[in-house]
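The primary structure of each chain is shown beneath.
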Amino acid sequence: MDMLGVDAPGLVALIREQRLPTVDVEGEIKFHEPDLRRWLHDYAADNTVSPNTDPEKIKQAVERSAERTRERQSRAPDAAEAARRLTETPPAEPAARPEDQQVLFDIDVLDNLIEQYEAGQAPHPENTPRAETPAAPPRRKQNAAPPDEPAKTTPDLYAVAEDTPEAEPRALFLFDAFAIRFMLFEARIKIKHGAANRSGVMDEIARVLNDLGIDVADFEQVKLSLIRNEGRWVRLAEVPSPFLDKVNILIAPDRRRAYLVAGATDINTPISQMHITEELTRKGIRSGIDHDVCRRVVHERLFGHLAITAQGRESEPGRDAELTHHFNRDRTLTPEALDTGDVDHKKLNTVETVQAGALLVTRRPPEEGLPGEDVLGRPIEGIHGKDIRIRDGRNTVLSQDGTQLFAERDGHVYMSGGAVHVEELFTVDGDVDYSTGNIDFTGIVVVRGFVREGFQLNASGDIRILGGVEGAHVVTAQGDISISLGVQGQNKAVLKAGGDVRAKYIAQANVQAAGDVVVRESIMHSTIAAGGCVLAQGPKGSIIGGAIRAQNTIQARFIGSEAHVKTSLTLESLDPESQSPVRDVLGKQRAKVSHELDKCMAAIAKLKQKIELNPSDAGLLQTLKANAHKARGLTDILARLDQDMARFRARFGAAGTRFIRASSTAYPQVLLNIEGRLLRINDHFKAATFAVDRDDRIITV
């Protein structure tokens, strides 16, 4: 019965808190037999204490049982046997008596009854006075096993702990998710119904175990057992040093939490709120104390249950610096996607213009983090927010404190390389036609309509055309040409760009680009010259007819057509200065050096003959040395040119980076020219890549 907390020192509190019915008869505390037996079996659940009972009289009345109680405490009771006995069906209630006749227990009878329970012997009705009035049937603790069920054994460390009568029917759930209870030499854990799959619960369990220094060999097995047995106690681990003191306070290593365990193995010693407060003060805990949890531990007598009695205040990181851009940072003109999967080329992200002095970017500085406090009242340093600065670019100016960026002139604002730039911009709201005349502008030009036949558009920067180009001239010395809809050139259109040319399609036009020429659909019957690549991308990407010349690669899904239209593709690198083929330039340089070397070697041969006839001529010897030095230099140059030629030719080989590719089909009547090597396609080639082999022949890879 010590496991039930029935002893002399705690009896007064027990009567008050567990509500054991009593009667005060001439200074003696008496107990009704049915009430006492029902209370012993059901843990004094629902009755109330007599309001006339004086605590001092109770203390005097139980004085004689104190000595016997201390003797019982000196013996280690068989808890398992007592638990088994307590789950058995209690003795039947005695027959009814007249209501005016009551048989009362005195303290000695109570002591004898307690001793019988501790010895594992349920008191027999014949050994105790009984009331003849039939009592209500004894109440069985909620969730307790039926009396006729045999006791279960759980040898596995992680097996479910059975709900025996010595276990508390209540649990102190941490974070409204799980509870931990310390028994004599082990710890048990129970997870609340519905909490097993809640985010972060298992991490909190691991953190609590780490704070307590409990080493679980296989935590994954514990988690699996908790999930399978929600709402039931699970053996967690053996605890060789249980919490034995009346009030046990443990501070986590990081001092963020303080834990409370009240009398894990001895629930007989009374505990009050003052005991907990004194221990918290002794431990130096003064921040984040949860007084409600402390009161609950005392009032509900949650012995052995783990409680978080104090939690520190975590520091808060400061807000990072933030840049607010007062313009659209996306400089690309992207068609709007439709639900059908197609794109609407009439709705595009337009180029944004700003005026001189316009605010472009605002920087909000980082903030200091708010400090926290651990349970001992020591400060926890806050984390400073991350900083970021504004990167100024062309035609922009940064304020002295670095928090604002302004435009220095009117123009087009955009971002490149993380910096903000402003370029001068001219916008044509409609078409380039008779309403505008020819356009010649130093900077960027945006045309919101078409460039109509017969007109010219010249710019030094980028040209962005949101409509299309007819038989017109569009030229930019340094920038790109971007055409949203395409070019219908009527064999009159000329496009020249210092950068790339991009369009939906190009038909019957002459295009020259220092960079790439890229279309989303087709190039038809056009003359194209690109310093980089010529690419016909997309499922309809094709090159049909015309003459295409590129220096890096030529790629399309289809090359030629089923109608066998003559199509010429030339892959040839050009020298930037002379615009002649690099192959020819290297060849001419090698021929020139070789010729100079031959002349030098012939001069050396003649000098040797003269020196043989006149060995004493110092001038001839000096001239011979100079020619020999020149010959060695020319030989080195010739070797380097041979290496350059070999590396250059390797780029067009099977393992090179420059090739012609038809990812789907190359049709007949396509003429290929790769660095002067010719191949006419007379048959269909599927998924073919054309390169040059070691014998200078065009092959498919």
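Structure's up top.
Participant: If you had to explain the sheet that holds strand S20 (residues 419–423) to someone new, which residues and values would you point to?
Facilitator: Across the sheet, 3 strands lie side by side as S13-S19-S20; this open sheet has antiparallel pairing. The open sheet has two edge strands with one neighbour each: strand S13 (353–354) and S20. Pairing of strand S19 (residues 411–416) with S20 involves 5 bridges; the strand directions are antiparallel. What sits directly across from His412, in S20, is Glu423.

Participant: Give me the packing of aromatic side chains: which residues, what numbers.
Facilitator: Following the criterion strictly, the structure yields 3 aromatic pairs and no others. Between Phe175 and Phe178, the ring centres sit 6.1 Å apart and the planes meet at 40 degrees, which makes this aromatic pair tilted. In this structure Phe178 comes out as buried when scored by relative accessible area, which is 1%. Their ring planes at 85 degrees and their centres at 5.1 Å tell us that Tyr434 and Phe455 sit as a pair that is edge-to-face.

Participant: Quick rundown of helix H8 (residues 219–228)? Include the residues and the values.
Facilitator: Regarding H8, the residues found buried are Phe219, Val222, Lys223, Ser225 and Leu226. One side of H8 holds all its buried residues, which, seen down the axis, span an arc of 165 degrees. For H8, the exposed residues lying more than 90 degrees away from the buried face are Glu220 and Arg228. Looking at the buried side of H8, the elements it contacts are strand S5 (186–191), helix H7 (201–212) and strand S6 (234–238).

Participant: Any chance you could break down the pattern of salt bridges for me, citing the residues and the numbers?
Facilitator: Scanning the model with the defined rule gives 30 salt bridges in all. Here Arg409 ties to Glu424 by a salt bridge, and the two come within 3.6 Å at their closest N and O atoms. Of the two residues, Arg409 sits in the loop between strand S18 (404–407) and S19 while Glu424 sits in the loop between S20 and strand S21 (425–428), which places them 15 residues apart along the sequence. Its relative accessible area of 34% is what places Glu424 among the partly exposed residues. Members of the salt-bridge network, linked through shared partners, are Glu186, Arg188 and Arg235.

Participant: Lay out the side chain of Ser573 with the relevant residues and their values.
Facilitator: With respect to the helices and strands, Ser573 occurs in the loop between strand S39 (567–571) and helix H11 (582–613). Residue classification places Ser573 among the buried positions, given a relative accessible area of 3%. Beyond its immediate chain neighbours, meaning those up to four positions away, Ser573 contacts Gln551, Ser580, Pro581, Val582, Phe648, Phe652, Arg658 and Glu675.

Participant: I'd like a rundown of the environment of His305, residues and numbers included.
Facilitator: Summarising the element assignment, His305 is placed in the loop between helix H10 (291–299) and strand S9 (306–311). Sequence spacing of His305 and Ala171 is 134 residues, and the spatial spacing of their C-alpha atoms is 7.2 Å.

Participant: Explain the environment of Thr689 to me, and be specific about the residues and the numbers.
Facilitator: Tracing the backbone through its elements, the reader meets Thr689 in strand S43 (residues 685–692). When its relative accessible area of 12% is taken as the criterion, Thr689 is described as buried. The spatial distance from the C-alpha of Thr689 to the C-alpha of Ala654 is 8.9 Å, given a sequence separation of 35 residues. Within the structure, Thr689 has its side chain in polar contact with the side chain of Arg661 (distance 2.8 Å).

Participant: Quick one: what's the story with unusual backbone geometry, residue by residue and with numbers?
Facilitator: Of note in the backbone geometry, Phe175 takes a positive phi value of approximately 55 degrees without being a glycine. The residue Phe175 is located in the loop between helix H6 (107–118) and strand S4 (178–182) in this model. Phi angles above zero are rare outside glycine, and His564 is one such case at about 60 degrees. Along the chain, the position of His564 falls in the loop between strand S38 (554–559) and S39. When its relative accessible area of 37% is taken as the criterion, His564 is described as partly exposed.

Participant: Outline the sheet that holds strand S8 (residues 257–262), supporting the account with residue identities and numerical values.
Facilitator: Hydrogen bonds along the backbone pair up the strands of a sheet, which may run parallel or antiparallel. Strands sit in the order S7-S8-S9 across an open sheet of 3 strands; the sheet is antiparallel. Two strands lie at the open edges of the sheet, namely strand S7 (247–251) and S9, each paired on one side alone. Between one strand axis and the next, the sheet turns through 30 degrees on average, direction left out of account. Alignment of S7 against S8, held across 5 bridges, turns out to be antiparallel. Looking at S8, one finds that Ile249 is bridged to Leu260. Against the sheet, helix H9 (residues 273–282) engages S7, S8 and S9, with an angle of about 35 degrees to S7. Strands S8 and S9 of the sheet are contacted by H10, whose axis makes an angle of about 155 degrees with S9.

About the thresholds
Residues numbered from 1 in each chain as written. Predicted model: local features only at pLDDT ≥ 70, side-chain atom pairs only at ≥ 80, totals over all residues. Heavy atoms only, no water. Pairing = 2+ DSSP bridges. Helix = DSSP H or I, 4+ residues; strand = E, 2+ residues; numbered from the N terminus. Phe/Tyr/Trp six-rings, centres within 6.5 Å; stacked < 30°, edge-to-face > 60°. Buried < 20%, exposed > 50% of the residue type's maximum accessible area, 1.4 Å probe, protein only. Arc of directions from axis to C-beta. Contact = heavy atoms within 4.5 Å. Salt bridge = Lys/Arg side-chain N within 4 Å of Asp/Glu carboxyl O. Polar contact = N/O pair within 3.5 Å; in protein donor to acceptor, adjacent residues only side chain to side chain. Axes fitted to C-alpha atoms, helices over the stretch in contact; angles between N-to-C directions.

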